Each structure stands twice: as structure tokens, then as C-alpha cells.
Amino acid sequence: MQHPDARTVVTDYVTLIAAGEREAAIALFAEDATWSYPGDLALSRTWRGKQEIFGDFLGQIGVLFAADGLPVITLTRVLADGPQAVAEWTTVGTAANGAAYENHCLGVFTVTDGLITAVREYLDTDHVARTLLA
């Protein structure tokens, strides 16, 4: 069976998340996928499995934003080589405390058999602490 390449899967994932199509985005992840979030924040650790990634981690980030300030995600670049793809995106919104949030993010994705199996995200964690978690 022919599976989509890493570039296609990662581009589809970020595009679906940006469009608010959560269930379709979740379907692109392997059940045992991991997502590593850097730094010393309460969110910083390796999240394991779809439930942790989308329920406990990404699924809860929305509460850090104002109801009318949910983030706009814009994919700016995807580079891929074999099962690895690097995606760059910006996230712009208003924090629940009213602070302006704009962060430039980068994720190193591993794709196996058409599913995302691992993500290592890099972003300005100091900005997250000063805005979203202040």
C-alpha cells in the first residue's frame, strides 16, 4: 500500500489544525505517537499517545487564549527528507489575560506508514511564559 510522503502528511496536519478540523488532524497520528515540548514550563515534557497529545496537551492550550482571540496558525514552510519533515508556522492570538501572543514555531516530524509517529517542537518558551502562562 502506497502511503503519502512526510511532506504531504505534515502539510495536511498543520493545514487541518489551522482550519479547525481537529478530528481529521488527529487521524494523521499513530496511536502511540509522541510530542516533545521544550523548556521548563508546566506544558514541557514528552506527551505520549493520541489521548495525551490531543486531550491533555494540545486540547487544553485553547483555554490559554481569550474566547475571541483563538490563535491563527499560518504554515510558512515544510522541508522533508525521507520519513522526516520540518514544518515552520506562526501562531498569533490573544491570551486569556489579554496579552498579545505571536510565536514562531518549528516542528520536526517523523512519519511512518503515512502517520505521524513523533514531533519535537521548538518555539520561544519565554514568550509562552510571559503571555499565555502569566
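About the cut-offs
- Residues numbered from 1 in each chain as written.
- Predicted model: local features only at pLDDT ≥ 70, side-chain atom pairs only at ≥ 80, totals over all residues.
- Heavy atoms only, no water.
- Salt bridge = Lys/Arg side-chain N within 4 Å of Asp/Glu carboxyl O.
- Helix = DSSP H or I, 4+ residues; strand = E, 2+ residues; numbered from the N terminus.
- Buried < 20%, exposed > 50% of the residue type's maximum accessible area, 1.4 Å probe, protein only.
- Core = buried A, V, L, I, M, F, W, Y, C linked by side-chain atoms within 4.5 Å.
- Contact = heavy atoms within 4.5 Å.
- Expected span 1.5 Å × (residues − 1).
- Arc of directions from axis to C-beta.

*Asks:* Before we move on, can you summarise the pattern of salt bridges with the specific residues and values?
*Replies:* Applying the stated criterion across every chain, the model contains 5 salt bridges. The shortest N-O distance in the salt bridge between Glu 31 and Lys 50 comes to 3.4 Å. Taken together, the residues Glu 31 in strand 1 (residues 29-37) and Lys 50 in helix 3 (residues 49-61) connect sequence positions 19 residues apart. Accessibility expressed as a relative area gives 16% for Lys 50, which makes it buried. Ionic pairing is found between Arg 77 and Glu 88, a salt bridge with its closest N-O pair at 3.9 Å.

*Asks:* Give a description of the nonpolar core that names residues and reports values.
*Replies:* With 36 residues, the main nonpolar core has Tyr 13, Phe 29, Trp 35, Tyr 37, Phe 109 and Ile 116 as its most contacted residues. Broken down by secondary-structure element, the contributors of at least two residues to this core are helix 1 (6-18), helix 2 (22-26), strand 1, helix 3, strand 4 (84-94), strand 5 (100-112) and strand 6 (115-122). Ranked by the residues each element gives to this core, the list is headed by helix 1, at 6 residues. Other than its neighbours up to four places away in sequence, Phe 109 contacts Val 10, Tyr 13, Pro 83, Gln 84, Ala 85, Ala 87, Trp 89, Ile 116, Ala 118 and Val 119.

*Asks:* Tell me about helix 1, residues and numbers included.
*Replies:* For helix 1, which comprises 13 residues, the first-to-last C-alpha distance of 18 Å matches the rise-based estimate of 18 Å (1.5 Å per residue) to within 8%. Within the sequence span of helix 1, burial applies to Ala 6, Val 9, Val 10, Tyr 13, Val 14 and Leu 16. For helix 1, the angular spread of the buried residues around the axis is 165°, confining them to a single face. Where helix 1 terminates, the next one or two residues include Gly 20, which has phi positive at roughly 80°.

*Asks:* An account of unusual backbone geometry is needed here, citing residue identities and associated values.
*Replies:* For Asp 113, which is not a glycine, the phi torsion comes out positive at approximately 50°. For Asp 113, the position within the fold is in the loop between strand 5 and strand 6.

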